Amino acid sequence: MMILADIITLWNSAWPAGVTTLALGLGFSIALLIADRKLKVEMDPKIEQAYAALPRIDCGTCGFAGCSAYAKAVVANPELLGKCSPGGAAATAKIAEILSLKASGSNIPARPIVHCTGRTEDKTLFAKYDGIPTCTSANALSNVQACKFGCLSFGDCVASCKFGAMKIIDGLATVNYEKCTGCTACVKACPRGIIEMVPFAYDKMMTVACRSVESGKDTKAFCKVGCIGCKLCTKQSEAFVVNNNLAKLDYAKYQPGEAFETAMNKCPTKVIVYRGKK
Amino acid sequence: MSDYIIGLLMGFISIVIVNNLVFTKFLGTCPYLGVSGRLDMAFGMGMAVTFVITLAGVLTWLIDHMILIPNNLIIVQYICYILVIAGAVQLVEMYLRKFFPSLYESFGIFLPLITTNCAILGLCIFLFVWNVNNFAEAAVLSFGAGIGFTLAICIMAGIREQLKFSDVPKSLEGAPITLITAGLLTLAFMGFAGMIK
């Protein structure tokens, strides 16, 4: 009986507190409900649609703080169309459709190419590097690797890639173009600057995958697959230009064709290769 | 009557300068350090806090003296305070979103965090602890507390804007120099301690 009595006293002294709090809460919820109705903000449905069409990865390649900021900007100013590199042509077309515009002009997606072909067996190392295992710190020492321009293969680019598209295969950074979105993170991560954004007009692009400007003799001494500046490719097509012992391909002039195939086959060090989707 | 008005004025000056919640009670330090990077944002934050603190102070005083004290329900005081503050913050948020969208975006997370700004709960509790028995006095003290907070955060923002151009030792850049500045400001405001007895 004692326990029962105690519970009843407890209840008797507690219920006013509960009722007061509940009543207050109810009052506030009603006030907020009215305020919510009166102060409702109409969002432009186009912004939400444009946001839905974007990849929503907030990579910042477009120059805005994130996908929502870009969606807002592009709805306000359609001239900003086509800045989304990860979304590519598909996202641009979708947003253009939302804004009832027609996307015109070329929208060639830019993708990175690693300008090196040196695998572990092709490279010459002066010393064994035992320091911090990142390209940036290895690059700070002058003679870890004989070639000053080749891939260091510690994988700074792999760490920077949010999409798992970079991989070190046999000592060479390799891009998986199926996964790559062209966000340029790897370009910024590479301390040697051998990763460069290239307009991919075709699924496969031809490239001179080397950045060494050493003389042909030195390059040959260091690396089995470096460009020696022999100018054989320039005889096949004007798109190839040799400067500072290094051949470069003008990507804007590239078209799949026989002249380029011949140039690739004639290259003595086999440094002209295809990069892109298989 | 004039005594009454002078009393209110003294209360106002006291809560703004002498008993400033930020400088002497160390309340509301989170937005004080977090949103004081730019003067315009700091002023906006100060205004938002002033609105919430005035509304919350007046409402909690009314609830205290009309419902809780007569019915001997002081035990649910804190829950009611938090309820009032959260409701007021929601109102401010809706209002800002409607009429000042850019300010709303620049506040970001700090706007809902006004709910947990301890300066506001602190003021509500002080109104009870100091035995403020007069509605006008409670209103003046609440409004003054908001003005005091605005004063503090604006002084801080002004100094921090200048700090960006000054030669701060490398190890003190960012948060450390801000905390040192906050400490020096507090020391300076200690000088007002004897002004009102």
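Everything below is about the structure shown above.
Because the structure is predicted, anything quoted here is derived from the model rather than measured.

J.: I would appreciate a short explanation of the overall build of chain B in the present structure.
T.: A count of helical and extended segments in chain B gives nine helices and zero strands. Counting from the amino terminus, helix and strand elements in chain B follow one another as α-α-α-α-α-α-α-α-α. The buried share of chain B, reckoned over its 197 residues, is 38%. Considering only intrachain contacts with a sequence separation of at least 6, the fraction spanning at least 24 residues in chain B is 82%.

J.: How should the nonpolar core be read in this particular structure?
T.: If you look at the biggest cluster of nonpolar residues, it comprises 54 residues, and the most contacted ones within it are B:Val52, B:Ala56, B:Val84, B:Ile85, B:Ala119, B:Ile120 and B:Ile153. Among the elements of the structure, helix H1 (2-18), helix H2 (21-25), helix H4 (39-68), helix H5 (77-99), helix H6 (101-107), helix H7 (118-129) and helix H8 (135-163) of chain B are those that each provide at least two residues to this core. Excluding anything up to four places from it in sequence, B:Ile120 contacts B:Val52, B:Ile53, B:Ala56 and B:Ile85. By size, the runner-up hydrophobic cluster in this structure holds 47 residues, among which are A:Cys147, A:Leu172, A:Val225 and A:Leu246.

J.: Would you mind showing me how to read the interface of chain B and chain A here?
T.: When the parts of a complex come together, some accessible area is lost, and that lost area is often used as the size of the interface. Every contact between the two is made by 15 residues of chain B and, on the other side, 13 residues of chain A. By residue number, the principal contributor to the side of chain B that touches chain A is H5(B), which donates ten residues. Residue composition of the side of chain B that touches chain A, by class: ten nonpolar, three polar and two charged.

J.: When you look at the packing of H4(B) against H8(B) in this model, what are you seeing that I'm missing?
T.: Residue and element names in this part refer to chain B. Where H4 meets H8, the closest approach of the two axes is 8 Å, and the angle between their N-to-C directions is 165 degrees. Put simply, H4 runs roughly antiparallel to H8. In this structure, H4 crosses over H8, and the sense of that crossing is right-handed. When the residues that make up the contact of H4 with H8 are grouped by side-chain class, the tally is 20 nonpolar, eight polar and one charged.

J.: What is the right way to read H1(B) from this model?
T.: Since the α-helix advances by 3.6 residues per turn, residues separated by three or four positions end up pointing in the same direction. Helix length check: H1(B) (17 residues) gives 22 Å between terminal C-alpha atoms against 24 Å at 1.5 Å per residue, within 8%. On its buried face, H1(B) is in contact with H8 of chain B.

J.: Would you mind showing me how to read unusual backbone geometry here?
T.: In terms of backbone geometry, most residues other than glycine have negative phi values and most peptide bonds are trans. Residues and elements named next belong to chain A. For Arg56, which is not glycine, the phi dihedral falls at a positive 55 degrees. Inspection of the secondary structure assignment puts Arg56 in the loop between helix H2 (45-53) and helix H3 (67-76). Phi is positive for Lys231, which is not a glycine, with a value near 70 degrees. As for its placement among the helices and strands, Lys231 is situated in the loop between helix H8 (216-222) and strand S6 (240-243). The class for Lys231 is exposed, based on 12 C-beta atoms found within 10 Å.

Conventions adopted
Residues numbered from 1 in each chain as written. Chains lettered and ligands numbered in written order. Predicted model: local features only at pLDDT ≥ 70, side-chain atom pairs only at ≥ 80, totals over all residues. Helix = DSSP H or I, 4+ residues; strand = E, 2+ residues; numbered from the N terminus. Buried ≥ 20, exposed ≤ 12 C-beta atoms within 10 Å, placed from the backbone. Contact = placed C-beta atoms within 7 Å. Core = buried A, V, L, I, M, F, W, Y, C linked by C-beta atoms within 7 Å. Nonpolar A, V, L, I, M, F, W, Y, C, P; charged D, E, K, R; others polar. Axes fitted to C-alpha atoms, helices over the stretch in contact; angles between N-to-C directions. Parallel < 35°, antiparallel > 145°, perpendicular 65-115°, else oblique. Left-handed = near helix turned anticlockwise from the far one by under 90°. Expected span 1.5 Å × (residues − 1).

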